[in-house]
Structures are given as C-alpha cells and as structure tokens.
Amino acid sequence: MLLRMSTLFLRTLREDPADADVPSHRLLLRAGMIRRAAPGGFTWLPLGKLVLDRVTQVVREEMAAIGGQEVSFPALLPREPYETSGRWTEYGPDIFRLKDRRGAEYLLAPTHEEMFALLVRDTLSSYKDYPVILYQVQSKFRDEARPRAGLLRGREFLMKDAYSFDLDDAGLAAAYGRHRAAYQRIFDRLGLDYTIVSAMSGAMGGSASEEFLAASPVGEDTFVGCTHCDYAANTEAVTTPAPPASDPAARPALEVHDTPDTPTIETLVALANARRLGGRADWTAADTLKNVVVTVSPPGAEPYLLVIGVPGDREVDLKRAEAALHPAGVALFDGWPDQPDLVRGYIGPQKLDLRYLVDPRVVPGTSWLTGANEPGRHAVNVVCGRDFAPDGTIEAAEVRAGDPCPACGLGALTMRRGVEIGHIFQLGRRYTEVFQVDALGPDGKPVRPTMGSYGIGLSRAVAVIAEQHHDERGLVWPREVAPFDVHVIAAGKDLGPAAVERGGRLAARGRRVLVDDRTQVSAGVKFTDAELIGIPEAVVVGRRFIEGYVEWRDRATGERSEVPVDRV
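The rules behind each value
Residues numbered from 1 in each chain as written. Predicted model: local features only at pLDDT ≥ 70, side-chain atom pairs only at ≥ 80, totals over all residues. Heavy atoms only, no water. Helix = DSSP H or I, 4+ residues; strand = E, 2+ residues; numbered from the N terminus. Areas by Shrake-Rupley, 256 points an atom, 1.4 Å probe, with all protein chains shown as cover. Lys, Arg positive; Asp, Glu negative; His and termini not counted. Charge placed at Lys NZ, Arg CZ, Asp CG, Glu CD. Pairing = 2+ DSSP bridges. Axes fitted to C-alpha atoms, helices over the stretch in contact; angles between N-to-C directions. Parallel < 35°, antiparallel > 145°, perpendicular 65-115°, else oblique. Contact = heavy atoms within 4.5 Å. Nonpolar A, V, L, I, M, F, W, Y, C, P; charged D, E, K, R; others polar. Expected span 1.5 Å × (residues − 1). Buried < 20%, exposed > 50% of the residue type's maximum accessible area, 1.4 Å probe, protein only. Polar contact = N/O pair within 3.5 Å; in protein donor to acceptor, adjacent residues only side chain to side chain. Right-handed = clockwise from strand over helix to strand, strands pointing away.

Take the overall build of the protein chain next. Each helix and strand in the protein chain was counted, giving twelve helices and 32 strands. Each of the three principal axes of the protein chain carries a C-alpha extent, and together these read 95 × 70 × 50 Å. As displayed, the protein chain has an accessible area near 25,300 Å², and 51% of this comes from carbon and sulfur atoms. Distance between charge centroids for the protein chain: 5 Å, based on 67 positive and 78 negative side chains.

Here we have three strands laid out as an open sheet, ordered S5-S7-S6, and antiparallel in their pairing. Each having just a single partner strand, strand S5 (76-78) and strand S6 (96-99) make up the two edges of the open sheet. Across the sheet, the mean angle from the axis of one strand to that of its neighbour is 35°, orientation sign disregarded. With four bridges joining them, S6 and strand S7 (residues 105-108) adopt antiparallel strand pairing.

Attention shifts here to the packing of helix H1 (residues 23-30) against helix H10 (residues 458-468). With their axes 8 Å apart at the nearest point, H1 and H10 run at an angle of 100° to one another. The orientation of H1 with respect to H10, classified from their angle, is roughly perpendicular. Note on element contacts: H10 touches H1 through Ala463, Ala466 and Glu467, opposite Pro23, Ser24 and Leu28. A class-by-class count of the residues in the contact of H1 with H10 yields four nonpolar, one polar and one charged.

Looking now at helix H2 (residues 46-65). Taking 1.5 Å of rise per residue, the 20 residues of H2 would be expected to cover 28 Å, and the 29 Å separating its terminal C-alpha atoms lies within 8% of that figure. Among the residues of H2, Leu47, Gly48, Val51, Leu52, Val55, Thr56, Val58, Val59, Glu62 and Met63 are the ones counted as buried. Two residues or fewer past H2, Gly67 is found with a positive phi of approximately 90°.

Moving on, we come to the side chain of Thr12. Tracing the backbone through its elements, the reader meets Thr12 in the loop between strand S1 (2-4) and H1. Side chain to side chain, Thr12 and Asp529 meet in a polar contact 3.0 Å long. Not counting residues within four places of it along the chain, the set of residues in contact with Thr12 comprises Arg30, Ala31, Asp529 and Leu532.

A word on the pairing of strand S29 (residues 513-516). Taking every second residue as pointing to the same face, both faces of S29 are buried, with Val513 and Val515 on one and Leu514 and Asp516 on the other. Of the pairings in the sheet, the one linking S1 to S29 comprises three bridges and is parallel in character. If you follow Leu2 over to S29, its bridge partner there is Val513. Relative to S29, strand S28 (residues 486-490) runs parallel, the two sharing four bridges. Within the sheet, the bridge partner assigned to Val486 lies in S29 and is Val513. You can see the chain leave S28, run along helix H11 (residues 496-508) and come back into S29, and the turn it takes is right-handed.

Rendered as structure tokens:
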C-alpha cells in the first residue's frame, strides 16, 4: 500500500483549535485525522480512518481467536424491546428517541442486549447450539448533555459489543474469563497503559462487572489501587469497611447546645472545642455527622427527597450516590423555602421524617455531634441505634487517597484518573428471563441461558492511544495502529520521483507507505507534518541521495542514522 501526499485528502493545522481542550482532540484535528461535524460528532478523514480501521482489525482478530462470530444490527430500533426490558424508561434523557411518519417510536441504540437476546431466542433451540459468542462493530448513540474532549465524550461513537450465551453459570464464568483475557491482549497490542478495576453494572445490570481504564490525566473516571494488595476499583464501586458496633445504651445522654453561626462543619468544630461541648476539646470534623439533602429522580416516577448522613470530614460524592441509587438521578436539594421543616445547616437524624441512609461507618453505638433540627442548635452524644435508626446504608461518601483498603485492610488506597476503554459484565439471566429465551436440554426440559456482555469503545480507543502516545511535536502512533509503517519524505524539489520510487520498493515488500512528494511546500514543513502525523518510521530522501544514502528516523525515540539506499 502506498499513498502520496500530493494527492492525499489532507490539511494539517499549525495552531491548536480554540475549542479543543485535551491533547488527543487538538492533535487529531491538527493532523487532519478527524473533523468536527456537529456537537459530539466527528467525520473521520483518510488518515484517521486508517487508524480506526487498524484498531478495529486488532479487535476482530482477538474476537475470532475466542470463537466470536460477527453480526450487524441496525442502529435504529423499535421501542418495544426496550420497553419490555424496562430500559426505555431507565435510560431517561440519555438516549435519542424519535417517531416515524406513522407515529411509531424508535431509539438510536446505545447498546443491544435486547436485540441479541431476541436473535438467539428466535434462532437457537437446542442445548447443542450452545455456547455461542456473537458480536458487532457499530455506531452507538447517547444524548450527552455536554459533549466534550473530542472523541472521548461524544454523542455518536463506534463500539464493539459482544454477547455470550451459556447454559449455566460455570459456562458464563468461563466466557467472561476468555473475554477478559482477550481484552488484555487487545489493549496490550494497542500499546495502552491500563488497569482492570471492579465496577458498577449500571444500566446493563448483572452480578459482576469490570472496567478497563486507561491511565490519563484527562480521564473522567477516578480509580483506586492498594499499596499492599492487587485491589483496584472505580471509586463508584469502592466499599467502606465498617467499624464494629457497640452498645448504644452505654453512651452518655444526648445534649442539645446553642451553637449560633455554625452552619458549616468548620465553624461547628471550632465552637465545640472552644466551649468544650460534651466535656471535650478534641473535636474533629470526623466526629460530626453531616446530613445532606438530595433530590432523587427515578425514571418515570416522581422525585423524592433523601437525606444522606456521612462523617463531617467527607463530602457526598454524587456519582457514587447515583451509582448506588441507579437508575435514579441524584442532585443536591435546593428548594429550601418549600421545606420549612428542614433547617439548613442544622439538620440532624433525630425525628427525621424523610428517608435516611448513612455511610457504613455509622453503625450502632457510634456517637456523633450533629444538627438538632433547630436554627442555631446542635446536639452531642447523638447515638446510632438509640437516638436514630437509619433506613439503611449507602456508599455515597467521597473516597480519598490514604483510606484503608477494603480488600486486605493492610494497605492504603492510591488514586488515579483514567478513561474507560472497555467494560465487561456478567449479565446473568436478566434479558433471557425478560424475553423468555430457552433451549431444549438433553432431558427434554427447557434451560434458560445466561448472558455476558462485553464492550470496547473503538473510536474512543483511538483518542486514548493519542492521549498516551504523543509529545510536544505531535502524535507518536504505536506500530500496531499507525496509519502507515513508513513515511518517506522528499527533502528537495527534484527528489519527489526518487522518494516515490523508494516508497514503491518498500510497498512491494509489504510495508504500508506514505510518500510526501509535495512540491509546493518546504522541507521544514514536511518534517513538521511528519512529526505531527506520527508514523513510526521516516525515510528522508535528501541531499546525500545522489551519494547513495538516505536518513532513517524513529519517531518514538528520535534516533536518526544515515543508511545506504539499497537497504531501504
């Protein structure tokens, strides 16, 4: 394969586009690989499409290696299957919905569990047909409220989604393990630095899931690791070790104190120590119980108020709260004038008429300094199990570096940011139950298959590779996904034909070659464009060509050397 830049559909940019806020977005635009078509939507230009196709080919090869068979569904799907599964409502505003001229309702699919379950139900009938792995490579759609970061957070994106069907849980576990290993091979081949973390299942459902997060400072996901063991989890999935419970009756009696002008934890702690409330002057924020009112909005139902109690040295993490309360949305309550019974800044769990969920650290016998539900007043010795009884626990408090590891209890948590590039789920029988997918077993009785779901964001993977593989001069593509193997540069006005001839020799040996044979630009511009585009190797046909030498350059290391022409 050989392409010439004199005829290539390409325009590079010298300056960063004003609306590009992350390195991958800036560089892919400047290198002429993508172009914005709409908010959250991009046109793939020839160089970028070559990279995307290379990434997709790696995925197809590894899917074939575990027995995956490729199909292709439409992106425009009827409402009925998603209504049956409950996800038409569950997805809320996150999906594109539309009607045809007859008024029938459709959606642009964000994922295809329903359709794969129906396909298998209507096609397979015997236990002899199982197990099976089906997958597709297709554009998906999500109505992102604020598309951003180029390909990292768009409204339309290319995805590989795979689904396994097995007759028992052991089969599902085996299929899950094969996909997990395949994903490791895929991301290793793509040259990505990634971590496998425990995750929440979200709208997909199921009993277990893991995310593959590529380390990146621009990532929207935060994940933790342990300094002592191999524990890793998305912060939404981190669990909090609970302290042992104690006898609530052994605690001192509750006392209410006037605490004027203390609407914040900081002001409350300062006053409590100054006045020695409860006979002590060593109060810290961790000794207080912060009660945060949120509005919970279940899909298709009326919103309701919920109070979340967390130690006062922690904030409520709304992403963790939403993960715990999925599929409901969660937002901080702001309608204080309409709720006079809620005293802002002085809310306590005593005699609270709203649903009340607490952090796992709030166990029977723990004693707290908290609001007294009266303006300018707080209470000490407010004991869980005696003065209030929570309706349950919730993992909603922020996770911090240094927190104890919930797995081993010996190490401390470290925190990093990352971008989700893959997610695998053990779905179980959620969808096969809903759509009554059965296979006739060896004894003639029906067997209900169990499912796994496995996704990779292909267009996002291109952006993540660019995030991890670039420098101050441009992109530095790994060889496995680079649009070409070699960039041949004619560094002189009369050397274009020689560069094309050298490139042809390389192409004849199976190399993918891009030749810069442009005559209207200087050698300096060609070198700048070569570094921006980021092909792994460059061959410069320059001033020593007549002496029988060309210059070889390695884009990643910067290494250069002059080599005889007959070695190229």
